[in-house]
Amino acid sequence: GAVVSQHPSRVICKSGTSVKIECRSLDFQATTMFWYRQFPKKSLMLMATSNEGSKATYEQGVEKDKFLINHASLTLSTLTVTSAHPEDSSFYICSARDGRGKDTQYFGPGTRLTVL
Amino acid sequence: GDSVTQMEGPVTLSEEAFLTINCTYTATGYPSLFWYVQYPGEGLQLLLKATKADDKGSNKGFEATYRKETTSFHLEKGSVQVSDSAVYFCAAGSARQLTFGSGTQLTVLP
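Below or above, wherever it landed, is the structure these notes cover. (Residues numbered from 1 in each chain as written. Chains lettered and ligands numbered in written order. Predicted model: local features only at pLDDT ≥ 70, side-chain atom pairs only at ≥ 80, totals over all residues. Heavy atoms only, no water.)

1. Here we look at the state of the cysteines
Residues and elements named next belong to chain A.
Logical step 1: For the coordinates displayed, the defined rule picks out two disulfides over all chains.
Logical step 2: Two residues, Cys 23 and Cys 94, share a disulfide whose sulfurs are 2.0 Å apart. Looking along the S-S bond of the Cys 23-Cys 94 disulfide, the torsion reads about 80°, which is the right-handed sense. Residue Cys 23 is located in strand E3 (residues 19-25), and its partner Cys 94 is located in strand E9 (residues 90-98); the two are separated by 71 residues in the primary sequence. Take Cys 23 and Cys 94: they sit in the same class, and that class is buried. (Disulfide = S-S within 2.5 Å. Helix = DSSP H or I, 4+ residues; strand = E, 2+ residues; numbered from the N terminus. Buried < 20%, exposed > 50% of the residue type's maximum accessible area, 1.4 Å probe, protein only.)

Given below as structure tokens:
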């Protein structure tokens, strides 16, 4: 149980285009989902926290107009990187909070974004 | 806010060697403590957790004990395998908010 999927696993796009990454909790309802960014050989940096049906809460320094987050249902959150640039290339990981009993965050497999 | 300090890597061990990865934390209150593992090209998997002082989390031969007096949560395994090669992250907090350490790369040689 407690599986989180991400799609796509890898994406390559041209500079200036937008890319959407989906995060789904497959076997539980997630009232809260989190988006992280991981640079090579670095730890995870929390970008934003999203609650179903409300606006995401962004961490300091994260541009909300560039990283659009939508949490439309209890099992789906999307991150859209708008007008992507090479410096946005990174590994993006989502997690979903399982509030049933164990109250744990479960992580998706990550999405490797490369902007040319 | 919370902070987590992890032993810097990389760590290279021979198969069947004993593993310790140190982790200490600072926090207001009493956070839950976690170890996550990340295999190459993948996301994080929860390895084990402990929610209160003196709790021991264990999974797949790995163990860590929540030590309030030393604010530590060191990860140990008695006999590592090649398949344990990965990056290990210590984290503190709760399901609402996690703070991660910098990660420790472990390589186990046959």
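2. What about the nonpolar core?
Logical step 1: Formed by 27 residues in total, the largest nonpolar core has its most connected members in Phe67(A) and Leu113(A).
Logical step 2: Sequence-distant contacts of Phe67(A), that is, excluding residues within four places in its chain, are made with Arg37(A), Met47(A), Tyr58(A), Val62(A), Leu79(A), Thr80(A), Val81(A), Asp88(A) and Tyr92(A).
Logical step 3: Among the nonpolar cores identified, the runner-up in size contains 25 residues, and Val4(B), Leu19(B), Ala50(B) and Leu75(B) belong to it. (Core = buried A, V, L, I, M, F, W, Y, C linked by side-chain atoms within 4.5 Å. Contact = heavy atoms within 4.5 Å.)

3. Topic: the sheet that holds strand E1 (residues 4-7) of chain A
All names here are of chain A.
Logical step 1: Here four strands make up an open sheet; going across it, the order is E1-E3-E8-E7 and the pairing antiparallel. If you trace the sheet from one side to the other, it starts and ends with E1 and strand E7 (67-73), each paired once. Ignoring strand direction, the axes of neighbouring strands in this sheet form an average angle of 15°.
Logical step 2: Here E3 pairs with strand E8 (residues 76-81) via six bridges, running antiparallel. Directly across from Cys 23, in E8, lies its bridge partner Ser 77. (Pairing = 2+ DSSP bridges. Axes fitted to C-alpha atoms, helices over the stretch in contact; angles between N-to-C directions.)

4. Considerations on the interface of chain B and chain A
Logical step 1: On the chain A side, the residues contacting the 17 residues of chain B number 17 residues.
Logical step 2: Carbon and sulfur atoms make up 54% of the area that chain B and chain A hide from each other, which totals about 1300 Å².
Logical step 3: It is Leu44(B), Ala95(B) and Arg96(B) in chain B that bury the most area against chain A; as a group they hold 36% of the surface buried on that side.
Logical step 4: Where chain B touches chain A, the interface holds zero salt bridges.
Logical step 5: Inspection of the chain B/chain A interface yields five residue pairs in polar contact (both at pLDDT 80 or more). (Buried area = accessible area lost by both parts, 1.4 Å probe. Salt bridge = Lys/Arg side-chain N within 4 Å of Asp/Glu carboxyl O. Polar contact = N/O pair within 3.5 Å; in protein donor to acceptor, adjacent residues only side chain to side chain.)

5. So, the pairing of strand E6 (residues 44-50) of chain B
Logical step 1: Relative to E6(B), strand E5 (residues 32-38) of chain B runs antiparallel, the two sharing six bridges. Following the sheet pairing, Gln38(B) is matched in E6(B) by Leu44(B).

6. Some remarks on the packing of aromatic side chains
Logical step 1: Evaluation of the coordinates by the stated rule reveals eleven aromatic pairs over all chains.
Logical step 2: Ring centres of Phe67(A) and Tyr92(A) lie 6.3 Å apart, and the angle between their planes is 45°; on these two criteria the pair is classed as tilted. Remark: Tyr92(A) occurs in strand E9 and Phe67(A) occurs in strand E7; sequence separation between them is 25 residues. The pair Phe67(A) / Tyr92(A) is uniform in exposure class, with both members buried.
Logical step 3: Pairing Phe107(A) with Tyr36(B) gives two aromatic rings, centres 5.0 Å apart and planes at 75°, and the pair type is edge-to-face. Of this pair, Phe107(A) sits in strand E10 (residues 104-107) while Tyr36(B) sits in strand E5, each in a different chain. (Phe/Tyr/Trp six-rings, centres within 6.5 Å; stacked < 30°, edge-to-face > 60°.)

7. Things to note about the pairing of E7(A)
Logical step 1: With five bridges joining them, E7(A) and E8(A) adopt antiparallel strand pairing. The partner of Phe67(A) across the bridge, within E8(A), is Val81(A).

8. Side note on the sheet that holds strand E8 (residues 62-65) of chain B
Pairing between the strands of a sheet comes from backbone hydrogen bonds, and it takes one of two forms, parallel or antiparallel.
All names here are of chain B.
Logical step 1: If you trace the four strands from one edge of the open sheet to the other, you get E3-E9-E8-E7, paired in antiparallel fashion. Looking at strand neighbours, the two that pair on one side only are strand E3 (19-21) and strand E7 (56-59), the edges of this open sheet. Put simply, the sheet's adjacent strands are angled 15° from each other on average, direction ignored.
Logical step 2: Note: E3 against strand E9 (residues 75-77), three bridges, orientation antiparallel. Bridge pairing in E9 places Thr 20 opposite Glu 76.

9. Examining the environment of Thr104(A)
Logical step 1: The topology assignment puts Thr104(A) in strand E10.
Logical step 2: Residue classification places Thr104(A) among the buried positions, given a relative accessible area of 0%.
Logical step 3: Ignoring sequence-local partners within four residues, the contact set of Thr104(A) consists of Ala96(A), Arg97(A), Asp98(A), Tyr36(B), Leu46(B), Lys49(B) and Ala95(B).
Logical step 4: At 3.0 Å, the side chain of Thr104(A) and the side chain of Lys49(B) are in polar contact.

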